[in-house]
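Commentary on secondary and tertiary structure
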Amino acid sequence: MATVVAFHAHPDDEAILTGGTLARAAAAGHRVVIVTATDGHMDDGDAPHRLDELRSSARILGAHRVECLGYADSGYGPDFYPDPPKRVRFGRADREEAAQRLAAILRDEDADLLLSYQPNGGYGHRDHVQVHHVGKRAAEIAATPRLLEATMPRELLCRIADLARLLRLPAPYERDVARAAYAPRATITHRINVFRFARQKRDAFAAHRSQITGPAARLFGLLLRLPPQVFGVVFAREWFVDPTARPGTVHRDIFAVTTA
């Protein structure tokens, strides 16, 4: 059996990007560890409940360990707010220091595989971009054998944005963002079928109750009310890119090794 460490920017990212994959790995007997860079809060007012939600999500997915590196959320958009008292926003964190913190966990777990993000951070969020740099460096420091970067096909995101506009629903990403987000389908090296783990993915996302608010609450509410079978059809796959491999063969298991 292997140990996989999933490194994410904020609580809830683990469910959205990798929930089905982590549940699948845990069900197969692999050790699953979730690490977030931040507690998901812009200030220190109510940070603990986001971590409680993360722990609930992790239990649903079958994860064996949860850690948070302790940085503050940097926020998304043009404004990069000052650091809160006694903490650093992850987007401003010293990358080497952050990588050493993550590497300590990788070494402690003798991790076989690290799941991280692509250079564009998916959709450009400064914390997600930082996850890429810190994750890559931590894998080097800890000599973790393999690294995969969680992604989505940007062609699919563009279609979703068009459909959401047609149905007058809030889209996860605006079309101009979707055009450059994540990865072209042709570059994806791992496509994981997570249909059997739809209930866990849905319930893990629902555990992040504090995030099901705002303009997107209607869309999230509709998705969470879907029966697991229907949810599984809509979210049947999760995707990854092996940054060391040439695009070509698409693997169906995160533990499958691509040929450079």
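Summarised in this report is the structure supplied together with it. Keep in mind it's a predicted model, so treat the numbers as computed, not measured.

Quick look at the sheet that holds strand 3 (residues 65-71)
Pairing between sheet strands relies on hydrogen bonds along the backbone, with the strands arranged either parallel or antiparallel. Reading across from one edge, 3-2-1-4-5-7-6 is the order of the 7 strands in this open sheet, with mixed pairing throughout. Two strands close off the open sheet at either side, each with one partner strand: strand 3 and strand 6 (190-193). Taken over all neighbouring pairs, the strand axes of this sheet differ in orientation by 25° on average, direction set aside. Strand direction decides the pairing type here: strand 2 (residues 31-38) and strand 3, joined by 5 bridges, are parallel. Residue pairing in the sheet places V33 in a bridge with R65 of strand 3. Against the sheet, helix 1 (residues 13-27) engages strand 1 (3-8), strand 2, strand 4 (113-117), strand 5 (146-151), strand 6 and strand 7 (237-241), with an angle of about 95° to strand 7. The sheet contacts of helix 3 (residues 95-109) involve strand 1, strand 2, strand 3 and strand 4, and relative to strand 3 the element is tilted by about 165°.

A word on helix 7 (residues 198-206)
If you check which residues of helix 7 are buried, you get A198, K201, R202, A204 and F205. The buried residues of helix 7 occupy one face: seen down the axis, they fall within an arc of 165°.

Overview of the pairing of strand 4
For strand 4, the buried fraction is high: 5 of the 5 residues fall into the buried class. Residues L113, L115 and Y117 line one face of strand 4 and the alternating positions L114 and S116 line the opposite face, and both faces are buried. In the sheet, strand 1 pairs with strand 4 via 3 bridges, with the strands oriented parallel. In the strand pairing of strand 4, V5 is matched with L114.

Quick notes on the environment of D39
As for its placement among the helices and strands, D39 is situated in the loop between strand 2 and helix 2 (47-61). On the basis of relative accessible area, D39 is assigned to the buried category, the value being 6%. Of the polar contacts made by the side chain of D39, one reaches the side chain of R87; its length is 2.9 Å.

Let's talk about the pairing of strand 5
Among the 6 residues in strand 5, 6 count as buried, and that is most of the element. Note that the unit made of strand 4, helix 4 (residues 126-142) and strand 5 has a crossover that is right-handed. As paired elements, strand 5 and strand 7 share 3 bridges and run antiparallel to each other. Across the sheet, residue T151 finds its bridge partner in strand 7, namely W239.

As for the packing of helix 3 against helix 4
Where helix 3 contacts helix 4, the two axes come as close as 8 Å, and the packing angle between them is 55°. It follows that helix 3 is oblique to helix 4 by the angle criterion. You can see that helix 3 and helix 4 cross each other, and the crossing is right-handed. The residues of helix 4 that touch helix 3, namely those facing R95, E96, A98, A99, Q100, L102, A103, L106 and R107, are Q130, H133, V134, G135, R137, A138, A139, I141 and A142. Considering only residue class, the contact of helix 3 with helix 4 consists of 10 nonpolar, 4 polar and 4 charged.

Observations concerning the packing of aromatic side chains
Considering all chains together, one arrives at 4 aromatic pairs under this definition. Judged by centre distance (6.5 Å) and plane angle (90°), the rings of F7 and F90 are edge-to-face. Within this pair, whereas F7 is found in strand 1, its partner F90 is found in the loop between strand 3 and helix 3, the two being separated by 83 residues in sequence. The burial state of F7 is the same as that of F90; both residues are buried. An aromatic cluster of three or more residues is present, and its members are F7, Y71 and F90. Above the ring of F80, the side-chain terminus of R92 is found at 3.9 Å from the ring centroid.

Conventions adopted
Residues numbered from 1 in each chain as written. Predicted model: local features only at pLDDT ≥ 70, side-chain atom pairs only at ≥ 80, totals over all residues. Heavy atoms only, no water. Pairing = 2+ DSSP bridges. Helix = DSSP H or I, 4+ residues; strand = E, 2+ residues; numbered from the N terminus. Axes fitted to C-alpha atoms, helices over the stretch in contact; angles between N-to-C directions. Contact = heavy atoms within 4.5 Å. Buried < 20%, exposed > 50% of the residue type's maximum accessible area, 1.4 Å probe, protein only. Arc of directions from axis to C-beta. Polar contact = N/O pair within 3.5 Å; in protein donor to acceptor, adjacent residues only side chain to side chain. Right-handed = clockwise from strand over helix to strand, strands pointing away. Parallel < 35°, antiparallel > 145°, perpendicular 65-115°, else oblique. Left-handed = near helix turned anticlockwise from the far one by under 90°. Nonpolar A, V, L, I, M, F, W, Y, C, P; charged D, E, K, R; others polar. Phe/Tyr/Trp six-rings, centres within 6.5 Å; stacked < 30°, edge-to-face > 60°. Lys NZ or Arg CZ within 6 Å of the ring centre and 35° of its normal.

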